[in-house]
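As a plain string of letters, each chain reads:
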Protein chains: 2
Amino acid sequence: MTEINVQTSTHSYTVKLGEKLRYDIRFLLPKNYHSIMIVTDSVVAKHYLEDVKKSFKANEVHTAIIPAGEQSKSIQQFYELQTKAIQFGLNRHSLIIALGGGVVGDLAGFVAATFMRGIDYIQVPTTILAHDSSVGGKVAINHELGKNLIGNFYPPRAVIYDIETLETLPAHEVRSGYAELVKEAFISDKDFLGELLQTDIQHVSNETLINHLQKGIQVKTDIVEADEREAGMRKYLNFGHTLAHALEAELGYGVMTHGEAVAVGMLFALQLSEKKYNQTLCKDKLIQWMKNNHYPTTLPKLSSDRLLNKMKSDKKVIHDNIPMILLSEIGQAVTIEFSYEELSKELEYFLGEVCQT
Amino acid sequence: MTEINVQTSTHSYTVKLGEKLRYDIRFLLPKNYHSIMIVTDSVVAKHYLEDVKKSFKANEVHTAIIPAGEQSKSIQQFYELQTKAIQFGLNRHSLIIALGGGVVGDLAGFVAATFMRGIDYIQVPTTILAHDSSVGGKVAINHELGKNLIGNFYPPRAVIYDIETLETLPAHEVRSGYAELVKEAFISDKDFLGELLQTDIQHVSNETLINHLQKGIQVKTDIVEADEREAGMRKYLNFGHTLAHALEAELGYGVMTHGEAVAVGMLFALQLSEKKYNQTLCKDKLIQWMKNNHYPTTLPKLSSDRLLNKMKSDKKVIHDNIPMILLSEIGQAVTIEFSYEELSKELEYFLGEVCQT
């Protein structure tokens, strides 16, 4: 079992990576709990819920199954889980287990953060993408007017990552997760980046996958330890995300996975970076890797104005300028503000390259 | 202006008490803000909203007015305020001002705690009762199945208490607030208690009121500084509240004010305390003061079983026993667990004394 320790402003917790951990969750908890509610979605439940329940006594564990998909990060689903927690008799000494991907983790984490003003929860991620969201304590639900607008910074008490649960992931989910790993490499570590850009992501051994996840989580950990509440460098984790969020919203959620949109967003950020710093920053290598691994590298025709307006309404925007995370070199992220006009010109050029009518 | 400093786990803030402060709020803020949303209710808005807006520029301040009353602490109202915050263009560098009593403070505080994962807010209490809820950072909304079940610990950035806004309070709201002051005295300070139990609460000067509020807030501050997240001694602030919450729920919210219910709850806690510690603990003096100040000292016929079941479902209950905050002496609170049967006997005796058919 591989372990990474994460220090937060309120407590520290451990990320445990290994095989077959889902059968032993009860013994991997940091303490005993009065009662437990497992929150999972309909897809994950079919594969792994019974495995996870095995280590618990029947009378101490309750289950809430939500519909799979982003639409479950709603105020209605949030309230319904609060109702279940009350009806199951959870109290301040209870635990919530988030068994699933980012949607389950964000939603169940926010329920835990607010139920009776905050109870413990642990993350049991079942996607590669969730290596990112399960560490760092950002929990949230969506508002109809924007993603993740209602939430808390509320770190888990443990992250228990059973690598075997990733074997059932469909190919586009593997792509989604690996794009975030590539992002972590881009902002921190040239060697890690080189390793990832040589990987055939659909055919990695568990050993290699654990190694990649460990490195990615370590990057994330180092950053959130230094800046838990995103006052400064935590923003670097948004490399590729400003355009990605706009793309997801504009195309409609689910058309492209989050990580696939991030991959395209990184291409745009690299275009800006290469121009600004007048050097090659692996944009071509990234495109090649994306093609090798069947990432979308072309887009339907999109309006740059509509995308830019979505980028402006992102919650990190302070003034009228649009801040973009760029790289001054591989491993060195910086925030650069662009005027609407300047970014518009760059985006139109970019869309001309990647869009196909 | 009287000031009390409060240290929290994340930051410190100041409680400012004085006259006419509502006109100067902009100048009393700890820093400048990008934009501001004032949340207030329909009753307070009529009296004080324009006064508060005067110190701000018209284009930096937005207003959200909620219906007055406990029913506004709902998930629907919570979501509606989030919508307004988004539509007004608030971002992470904005401020929410909670102008009103406990309902406004709890709701607006929880909106601030969760909007974009937490933005700054200040409390501008307009009731005596809110001296209690505005300090200490407990924010919450109600669930249909129980009060304050969804919330956060999230301290404000300042509390600005304009004593003149208390002049418009109706008599039962004055009673409600003074009962919490008496509670703070009971658990901390015999002299303060003696002073309060000689007060004709409908005829206090602003100077005396500031003095009483200052002392009450200091008691609260000392306790929440030692135990912000209610792991131990913060529970002592619930002296009188276990029965009070059950009474409010059983009678229907609004039949009796919160403080009036707490006064009755303190009588019960004193009955238990006097018996357990075999000494006089001012129960008779409290009844006399309540009568002098027109507190309800009789109750309609109530079922002790129904009350006890409500007391059991309180979120502080860990096991099957019911923990009660008692006094071993004036100023010395303790938690004592009672079995259902034992408490039932005591409660029936108490109801026999105070109930009138």
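Note: the structure precedes this text.
Definitions and limits used
- Residues numbered from 1 in each chain as written.
- Chains lettered and ligands numbered in written order.
- Predicted model: local features only at pLDDT ≥ 70, side-chain atom pairs only at ≥ 80, totals over all residues.
- Heavy atoms only, no water.
- Least-squares fit on C-alpha atoms with pLDDT ≥ 70 in both.
- Contact = heavy atoms within 4.5 Å.
- Buried < 20%, exposed > 50% of the residue type's maximum accessible area, 1.4 Å probe, protein only.
- Helix = DSSP H or I, 4+ residues; strand = E, 2+ residues; numbered from the N terminus.
- Pairing = 2+ DSSP bridges.
- Axes fitted to C-alpha atoms, helices over the stretch in contact; angles between N-to-C directions.
- Parallel < 35°, antiparallel > 145°, perpendicular 65-115°, else oblique.
- Left-handed = near helix turned anticlockwise from the far one by under 90°.
- Polar contact = N/O pair within 3.5 Å; in protein donor to acceptor, adjacent residues only side chain to side chain.
- Buried area = accessible area lost by both parts, 1.4 Å probe.
- Salt bridge = Lys/Arg side-chain N within 4 Å of Asp/Glu carboxyl O.
- Nonpolar A, V, L, I, M, F, W, Y, C, P; charged D, E, K, R; others polar.
- Phe/Tyr/Trp six-rings, centres within 6.5 Å; stacked < 30°, edge-to-face > 60°.
- Arc of directions from axis to C-beta.

### Overview of the relation of the copies chain B and chain A
The two copies are related by a screw motion: chain B maps onto chain A through a turn of 180° and a shift of 0.0 Å along the axis, at an RMSD of 0.0 Å. The transformation just described matches what one would write down for a two-fold rotation axis. Considering only C-alpha atoms, the part of chain B nearest the rotation axis is Ile75 of chain B, at 4.1 Å. When the interface residues of chain B are mapped onto chain A, 100% of them again fall at the interface, so both copies present the same face.

### Some words on the pairing of strand β9 (residues 158–162) of chain B
Residue and element names in this part refer to chain B. Summarising burial for β9: 5 of the 5 residues are buried, a large majority. Relative to β9, strand β2 (residues 12–18) runs parallel, the two being bridged by 5 bridges. Across the sheet, residue Leu17 finds its bridge partner in β9, namely Tyr161.

### Description of the packing of helix α9 (residues 241–251) of chain B against helix α10 (residues 258–277) of chain B
Residue and element names in this part refer to chain B. With their axes 7 Å apart at the nearest point, α9 and α10 run at an angle of 130° to one another. When the axis of α9 is compared with that of α10, the two are oblique. The way α9 lies across α10 gives a crossing that is right-handed. Contact residues: His241, Leu243, Ala244, His245, Leu247 and Glu248 in α9; His258, Ala261, Val262, Val264, Gly265 and Phe268 in α10.

### Examining the side chain of Gln271 of chain A
Residues and elements named next belong to chain A. When you line up the elements, Gln271 lands in helix α10 (residues 258–277). Side chain to side chain, Gln271 and Glu346 meet in a polar contact 2.8 Å long. Apart from residues no more than four positions distant in its own chain, Gln271 is found in contact with Lys283, Glu346, Tyr349, Phe350 and Glu353.

### Quick notes on the interface of chain B and chain A
When the parts come together, some accessible area is lost, and that loss is often what is quoted as the size of the interface. Taken together, the contacts link 37 residues of chain B with 37 residues of chain A. Taken over both partners, the interface formed by chain B and chain A buries close to 3300 Å², and the fraction arising from carbon and sulfur atoms is 59%. Taken together, chain B and chain A are joined by 2 salt bridges. Notably, a salt bridge pairs Arg92 of chain A with Glu230 of chain B, separated by 3.6 Å at the nearest N-O pair. Put simply, the parts of the chain that give the side of chain B that touches chain A at least two residues each are α3 (75–87), α4 (102–114), β7 (138–143) and β8 (146–153) of chain B. Counting residues per element, the side of chain B that touches chain A draws most heavily on α3 of chain B, which supplies 7 residues. Grouping the constituent residues of the side of chain B that touches chain A by class yields 17 nonpolar, 12 polar and 8 charged.

### What to know about the packing of aromatic side chains
The way to describe two aromatic rings as a pair is by their centre distance and the angle between their planes. What the rule picks out here adds up to 10 aromatic pairs over all chains. Both rings, one in Tyr121 of chain A and one in Tyr154 of chain A, keep their centres 5.9 Å apart while their planes meet at 15°; by these two values the pair is stacked. Here Tyr121 of chain A is found in strand β6 (residues 120–125), whereas its partner Tyr154 of chain A is found in the loop between β8 (146–153) and β9 (158–162), with 33 residues between them in sequence. Neither residue differs from the other here; Tyr121 of chain A and Tyr154 of chain A are each classed as buried. An angle of 55° between the planes, with centres 5.7 Å apart, marks the rings of Phe186 of chain B and Phe239 of chain B as tilted. With Phe186 of chain B in helix α6 (residues 171–186) and Phe239 of chain B in the loop between α8 (206–226) and α9, this residue pair connects regions lying 53 residues apart in the sequence. The two residues Phe186 of chain B and Phe239 of chain B agree in class, both being buried.

### Side note on helix α11 (residues 283–292) of chain A
Residues and elements named next belong to chain A. By the burial criterion, the buried members of α11 are Lys283, Leu286, Trp289 and Met290. Projected down its long axis, α11 carries its buried residues within an arc of 125°, all on one side. Pointing more than 90 degrees away from the buried face of α11 are the exposed residues Asp284 and Lys285. The elements touched by buried residues of α11 are α6 (171–186), α7 (190–196), α10 and α13 (340–354).

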